[in-house]
Amino acid sequence: MPHVLYVRFHPAPGEDVYQGLLTLLGELTPVVEALPPDAAFADVRGALRYFGRDAAGLAEIVRVRALARYGVDCTVGVAANPLLARMAAQEPGAPASRGGRSGGGSGGRSGQAAGSVRTVPGDPDAVAAFLARKPPIALPGVGPATARTLSAYGLDSAARIAAAPLSTLQRILGAATARRVHAWARGIDPAPVTPNAPARAMGAEHRFRHDELDPVRRRRALLTLADGLGVRLRTSGQVAAAISLTVRYADRSTTTRSRTLTEPTAHTPALTAAAYALHDALGLQRARVRSVALRFEGLMDAELASHQLTFDPADEKSRRLEAAADRARARFGISAVRPAGFLDVA
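This text gives an overview of the structure that appears in the document. Small disclaimer: the values here were computed from a predicted structure and weren't measured. Once a new chain begins, its residue numbering starts again from 1 and follows that chain's sequence as written. The predicted nature of this model means local features are confined to residues of pLDDT at least 70 and side-chain atom pairs, given and counted, to a pLDDT of 80 or more, with totals for whole chains, interfaces and linings taken over all residues. Each side-chain value is worked out from all heavy atoms of the structure, with water and hydrogens disregarded.

1. Some thoughts on the pattern of salt bridges
Any Lys or Arg side-chain nitrogen found within 4 Å of a carboxyl oxygen on Asp or Glu counts as a salt bridge. This structure, assessed with the given rule, holds 14 salt bridges. Here Glu205 and Arg207 are joined by a salt bridge, their closest N and O atoms 3.4 Å apart. Buried, partly exposed and exposed residues are distinguished by accessible area as a fraction of the type maximum, computed with a 1.4 Å probe on protein chains only: under 20%, between the cut-offs, and over 50%, respectively. On the basis of relative accessibility, which here comes to 33%, the residue Glu205 falls in the partly exposed class.

This is the structure:
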């Protein structure tokens, strides 16, 4: 029986509103897994009898309350496990996910579609029919590289992946990955909804005065954001473990990509390099970009984070210069030292 909700809020709420929306879900069930910045899982199995509704009915309650209290609509996928619930919410016409357990394949470009409730029935035949024509990239956790590899061997749909012998997949993908992908293609996801608190995070956005076509100016905006957030991290004595980039286009659709950093850091050059890599991987070319936003997640105390020692004198010099710049900012103001490519906020 479907009992897992994947809730994606749109437009993306601010951090305070997001916390309120998580509290709203907690009114229905204590089993809520935060997927910041704009999504969450909820296991409502224990709430079905109490509220006298099925999971889809509880999803409608979530939509009504979110709209009434916060003016935030949501798209809700309802299914028997987190995998299918997420995929239901990402059916064509639904806004694509930004938050997620897996980095690869979780982001996407989407329009601001109206919210809805989308249910995958629990019987095996319905699950098989739902998955049959889905491409590999539609499986949460399957990134572009894995999807291309599977398609190169003719495994270009979930049905074909599910029908392939596991031994064949293991030769193509390796043992561990093959087992996971084979299970996902059959709609199997043993991972439970794990109650948690959202990871501490901070973010900032740069809105261009006009729709921006120039990739150089977009990179300058990312440098400006990374520098400002890096200062905030170091001032608060924190480091970030992951970074996400959100690009908003002229038609108000968005693309979000995330990656885990090599090591938790607050070092501006490392943060900037990660932001550039995410931007360049999008291959935007002639895209008309309205704004770019960076978000640093998995924040922790800098004293508790490990740092790989290096004998590179350039790295040591860069960190000494950064410390000197921070001292200048503390004494003369935040604008005392800025990157050469700094962009004024529109």
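Now that the structure has been shown, we can carry on.
2. Remarks on the packing of aromatic side chains
Aromatic contacts are taken between Phe, Tyr and Trp rings whose centres are within 6.5 Å, Trp giving its six-membered ring; a plane angle under 30 degrees counts as stacked, one over 60 as edge-to-face, and the others as tilted. With the rule as written, the count across this model stands at two aromatic pairs. Considering the side-chain rings of Tyr50 and Phe51, the 5.1 Å spacing of their centres and the 80 degrees angle between planes classify their relative orientation as edge-to-face. We classify Tyr50 as exposed; its relative accessible area is 69%. The ring of Tyr276 has Arg219 lying over it, and the distance from NZ or CZ to the ring centre is 3.9 Å. Look at NZ for Lys and CZ for Arg. If either is within 6 Å of the ring centre and within 35 degrees of the ring normal, a charge sits over the ring.

3. Overview of the pairing of strand β8 (residues 254-265)
Strands pair, by our definition, only if DSSP identifies at least two bridges between them. Here a strand is any run of E in DSSP of at least two residues, a helix any run of H or I of at least four, and the numbering for each starts at the N terminus. In this sheet, β8 lies alongside strand β7 (residues 238-249) in antiparallel orientation, the contact comprising eight bridges. The residue of β8 that forms the bridge with Ile243 is Arg259. As consecutive antiparallel partners, β7 and β8 are separated by four residues, and within that stretch Arg252 has a phi angle of approximately 75 degrees, a positive value.

4. Considering helix α5 (residues 124-131)
Within α5, the full set of buried residues consists of Val127, Phe130 and Leu131. Seen along its axis, α5 keeps its buried residues to an arc of 90 degrees; they face one direction. Of the exposed residues in α5, those oriented more than 90 degrees away from the buried face are Asp125 and Ala129. Any two residues whose heavy atoms approach within 4.5 Å at even a single point are treated as in contact. Those residues of α5 that are buried are in contact with α4 (82-89), α7 (158-163) and α9 (175-185). The arc refers to the directions leading from the helix axis to the C-beta atoms.

5. Observations concerning the environment of Ala132
Among the secondary structure elements, Ala132 is positioned in the loop between α5 and α6 (144-152). Ala132 gets classed as partly exposed once you look at its relative accessible area, which sits at 27%. Considering only alpha carbons, one finds Ala132 and Ser157, 25 residues apart in sequence, at a separation of 6.7 Å. Residues in contact with Ala132, not counting those within four places in the same chain, are Ser157, Ala158 and Ala159.

6. Concerning the side chain of Asn81
Tracing the backbone through its elements, the reader meets Asn81 in the loop between β4 (73-79) and α4. Nitrogen and oxygen atoms within 3.5 Å of one another constitute a polar contact, given that in protein one can donate a hydrogen and the other can accept it, and given that sequence-neighbouring residues count only through two side-chain atoms. Looking at Asn81, its side chain comes within polar contact range of the main-chain oxygen of Gly187, at 2.9 Å. Not counting residues within four places of it along the chain, the set of residues in contact with Asn81 comprises Val4, Gly187, Ile188 and Asp189.

7. Considerations on the environment of Arg327
For Arg327, the location among the structural elements is in helix α12 (residues 313-332). Note on Arg327: relative accessible area 56%, which makes it exposed. Along the chain, Arg327 and Val337 lie ten residues apart, while their C-alpha atoms are 9.8 Å from each other.

Read these as spatial facts, not as claims about activity.
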